[in-house]
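# Residue-level structure breakdown
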Amino acid sequence: RFLFMLLSHKVVRWFGLPLITVAWAANTALLGHGTIYQATWAAITLSVLIALLGALLDGCGRTQPRIVALIYYFYSINLAGALGLWDEWRGVHHVVWNHIRNPQP
């Protein structure tokens, strides 16, 4: 069970943004076929707009409302996972950063 939880968490984190993009595209294609598709399309679109507002506020150094910060963080983390997958696909490998510790007197 622990292995399933660990792997599923990693997979969802890596593929979160691509899955959200697929869900948004599918809802866009199905907009005229029911209110559920309109509602989910609107929710995804609104969440992306809120995340963009969070990025704008962060770039200006302004304080974000809590909900904006939460949604901005969610999309930032998912973007980082997608960029990591992109780098892996291209064969780019990142070196682990090690902190240089100052010697204690």
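Bear in mind that the values here come from a model prediction, so they are computed numbers and not experimental data.

Looking now at the nonpolar core. One finds Leu-17, Ile-20, Ile-44, Ala-51, Ile-71, Tyr-75 and Ala-82 forming the largest nonpolar core, which totals 7 residues. Within the residue set of this core, elements represented by two or more residues are α1 (2–29), α2 (35–60) and α3 (66–90). When residues of this core are assigned to their parent elements, the largest contribution, 3 residues, is made by α3. Excluding its chain neighbours within four sequence positions, the residues that come into contact with Ile-71 are Ser-47, Ile-50 and Ala-51.

Below, the discussion takes up the pattern of salt bridges. Under the criterion given, the structure shown has 1 salt bridge. Residue Asp-87 pairs with Arg-90 through a salt bridge whose shortest N-O separation is 2.6 Å. Residue Asp-87 and its partner Arg-90 are located together in helix α3, separated by 3 residues, close to a single helical turn.

This part is about a nonpolar patch on the surface. The grouping of Phe-2, Leu-3, Leu-6 and Leu-7 at the surface amounts to a nonpolar patch, some 440 Å² of accessible area in total. Mapping Leu-3 onto the fold places it in helix α1.

Between α2 and α3, the least distance of the axes is 8 Å, while the angle of their chain directions is 100°. Viewed along their axes, α2 and α3 adopt a mutual orientation that is roughly perpendicular. Across the interface between the two elements, Ile-44, Ser-47, Val-48, Ile-50, Ala-51, Leu-53, Gly-54, Ala-55 and Asp-58 of α2 pack against Val-68, Ile-71, Tyr-72 and Tyr-75 of α3. Considering only residue class, the contact of α2 with α3 consists of 10 nonpolar, 2 polar and 1 charged.

Reading the values: the criteria
Residues numbered from 1 in each chain as written. Predicted model: local features only at pLDDT ≥ 70, side-chain atom pairs only at ≥ 80, totals over all residues. Heavy atoms only, no water. Core = buried A, V, L, I, M, F, W, Y, C linked by side-chain atoms within 4.5 Å. Buried < 20%, exposed > 50% of the residue type's maximum accessible area, 1.4 Å probe, protein only. Helix = DSSP H or I, 4+ residues; strand = E, 2+ residues; numbered from the N terminus. Contact = heavy atoms within 4.5 Å. Salt bridge = Lys/Arg side-chain N within 4 Å of Asp/Glu carboxyl O. Patch = residues over 30% accessible without salt bridge, like charges linked within 9 Å, V, L, I, M, F, W, Y side chains within 5 Å. Areas by Shrake-Rupley, 256 points an atom, 1.4 Å probe, with all protein chains shown as cover. Axes fitted to C-alpha atoms, helices over the stretch in contact; angles between N-to-C directions. Parallel < 35°, antiparallel > 145°, perpendicular 65-115°, else oblique. Nonpolar A, V, L, I, M, F, W, Y, C, P; charged D, E, K, R; others polar.

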